[in-house]
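So you can see what is in the structure, the chains are spelled out below.
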Amino acid sequence: MTTFSHVTVVGAGVLGAQIAFQIASHGVAVRAWDVDDDAVTAAQARLRSIVEQYVGDLGDEHRQAAEEAVAGIAFTTDLAEAVADADLVVEAVPETLELKQGVYARLAAAAPERTIFATNSSTLLPSQLADATGRPEKFLALHFANHIWRQNTAEIMGSPRTDPAVFDQVVAFAGEIGMVPIPLHKEQPGYVLNSLLVPFLGAASELVLRGVADPETIDATWRIGTGAPMGPFQIFDIVGLRTAYAISAASDEEGAQLWADHLKTNYLDQGKLGVESGEGFYSYR
């Protein structure tokens, strides 16, 4: 038994699909919502790819369990249906404040009163979204990293209005689904992980924008010099260039705006979204 028996994941993109998979693989009933049939079809293909990544990491003896977890995820494009019996909703829609606020307004009207809402936002604070949820005491952030079963941190961050008992429930649930809970004691943009990661990626992007070195050279330098398994542009591809663009475009800093323009012109407009599309800074085909 887990703290929550029925969980809905709202947004089945790169990370949303992983979240749904991780939760389902621990015996929890999961529903996944996305905006239309095309998005659902893409999410189902994404989950098949996740099974292969998961088996590649853990061994073929885990294939049957992974496939059963995926088969147990129920998809819908009807938001009211998606949350009708949800104990917990994990929101993983794109990193745009207005979009998330709109989604929460719809969730507030559709979800049972008992339902706890958690945002997987990597940049927005719970306080920025709490009013839109209609239940600020039952709202907090639950942030996962990519390759969720391997980089298995779950950062939990409430707002000053979050009920401490709700916070404790979500911390407990994170541990129950195989994550290492990282409770944060006050709001922090970027949590712990991205407070460290974003400046690192920003430094790498500045080197490219200034023409100092190309992404492959920068990545190789980082890997050789530190022993890290991946360089910053490999990380960009995993995070997804749409997410990187949204974060940069939302910033008031000139350098971030220049990076957003660079990503849009050279990558997004050409369908190069990172690992999810098979090509970004590197090709995965």
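Residues numbered from 1 in each chain as written. Predicted model: local features only at pLDDT ≥ 70, side-chain atom pairs only at ≥ 80, totals over all residues. Heavy atoms only, no water.

## Things to note about the sheet that holds strand β8 (residues 180-184)
Turning to step 1, where the next piece is worked out: Spatial ordering of the open sheet is given by β3-β2-β1-β4-β5-β6-β7-β8, a layout of eight strands whose pairing is mixed. The open sheet is flanked by β3 (74-76) and β8, the only strands paired with a single partner. Averaged over all neighbouring strand pairs, the angle between strand axes comes to 25°, with direction disregarded.
Turning to step 2, where the next piece is worked out: Strand direction decides the pairing type here: strand β6 (residues 139-144) and strand β7 (residues 153-158), joined by five bridges, are antiparallel. Across the sheet, leucine 140 pairs through a bridge with glycine 158, a residue of β7.
Turning to step 3, where the next piece is worked out: Each of β1 (6-10), β2 (29-33), β4 (88-91), β5 (116-119) and β6 is contacted by helix α5 (residues 97-110), which is oriented at about 165° to β5, the strand it contacts most.
Turning to step 4, where the next piece is worked out: Along the sheet, helix α7 (residues 164-176) contacts β1, β4, β5, β6, β7 and β8; its crossing angle with β7, the most-contacted strand, is approximately 175°. (Pairing = 2+ DSSP bridges. Helix = DSSP H or I, 4+ residues; strand = E, 2+ residues; numbered from the N terminus. Axes fitted to C-alpha atoms, helices over the stretch in contact; angles between N-to-C directions. Contact = heavy atoms within 4.5 Å.)

## Here's the deal with the nonpolar core
Turning to step 1, where the next piece is worked out: With 42 residues, the main nonpolar core has Ile19, Phe21 and Phe144 as its most contacted residues.
Turning to step 2, where the next piece is worked out: For this core, the element with the most residues is helix α1 (residues 14-24), which contributes seven residues. (Core = buried A, V, L, I, M, F, W, Y, C linked by side-chain atoms within 4.5 Å. Buried < 20%, exposed > 50% of the residue type's maximum accessible area, 1.4 Å probe, protein only.)

## A closer look at the pattern of salt bridges
Turning to step 1, where the next piece is worked out: Tallied over the entire structure, the rule returns 14 salt bridges.
Turning to step 2, where the next piece is worked out: Note that lysine 100 is salt-bridged to glutamate 91, the shortest N-O span being 2.3 Å.
Turning to step 3, where the next piece is worked out: Relative accessible area serves as the criterion here: at 0%, lysine 100 is assigned to the buried category.
Turning to step 4, where the next piece is worked out: A salt bridge links arginine 242 to glutamate 276; its shortest N-O distance comes to 2.7 Å. A residue pair is termed long-range when its members are at least 10 positions apart, and arginine 242 in helix α11 (residues 241-249) and glutamate 276 in the segment after α12 (254-266) qualify at 34 residues.
Turning to step 5, where the next piece is worked out: Overlapping salt bridges, with partners in common, bring together Glu52, Asp60, Arg63 and Glu67 in one network. (Salt bridge = Lys/Arg side-chain N within 4 Å of Asp/Glu carboxyl O.)

## A few points about the side chain of glutamine 234
Turning to step 1, where the next piece is worked out: Within the secondary structure, glutamine 234 sits in helix α10 (residues 232-239).
Turning to step 2, where the next piece is worked out: Side-chain polar atoms of glutamine 234 contact the backbone nitrogen of glycine 231, separated by 2.7 Å.
Turning to step 3, where the next piece is worked out: Setting aside residues no more than four positions away along its own chain, glutamine 234 makes contact with Asp219, Arg223, Pro229 and Tyr282. (Polar contact = N/O pair within 3.5 Å; in protein donor to acceptor, adjacent residues only side chain to side chain.)

## Regarding the packing of aromatic side chains
Turning to step 1, where the next piece is worked out: Enumeration over the complete set of coordinates arrives at 14 aromatic pairs.
Turning to step 2, where the next piece is worked out: For the ring pair phenylalanine 4 and phenylalanine 173, a centre distance of 5.2 Å and an interplane angle of 65° mean the geometry is edge-to-face. Linking phenylalanine 4 in the segment before β1 with phenylalanine 173 in helix α7, this pair joins segments that are 169 residues apart in sequence.
Turning to step 3, where the next piece is worked out: Consider the rings of phenylalanine 200 and tryptophan 222, whose centres lie 4.5 Å apart with planes at 45°: the pair is tilted. Of this pair, phenylalanine 200 sits in helix α8 (residues 193-209) while tryptophan 222 sits in helix α9 (residues 215-226), placing them 22 residues apart in sequence.
Turning to step 4, where the next piece is worked out: These aromatic residues form a ring-pair network of at least three members: Phe233, Phe236, Trp259, Tyr267 and Phe281. (Phe/Tyr/Trp six-rings, centres within 6.5 Å; stacked < 30°, edge-to-face > 60°.)

## Focus: the pairing of β2
Turning to step 1, where the next piece is worked out: Two elements, β1 and β2, share five bridges in a ladder whose sense is parallel. Looking at β2, one finds that valine 10 is bridged to tryptophan 33.
Turning to step 2, where the next piece is worked out: Two elements, β2 and β3, share three bridges in a ladder whose sense is parallel. Looking across to β3, one finds that alanine 32 is bridged to phenylalanine 75.

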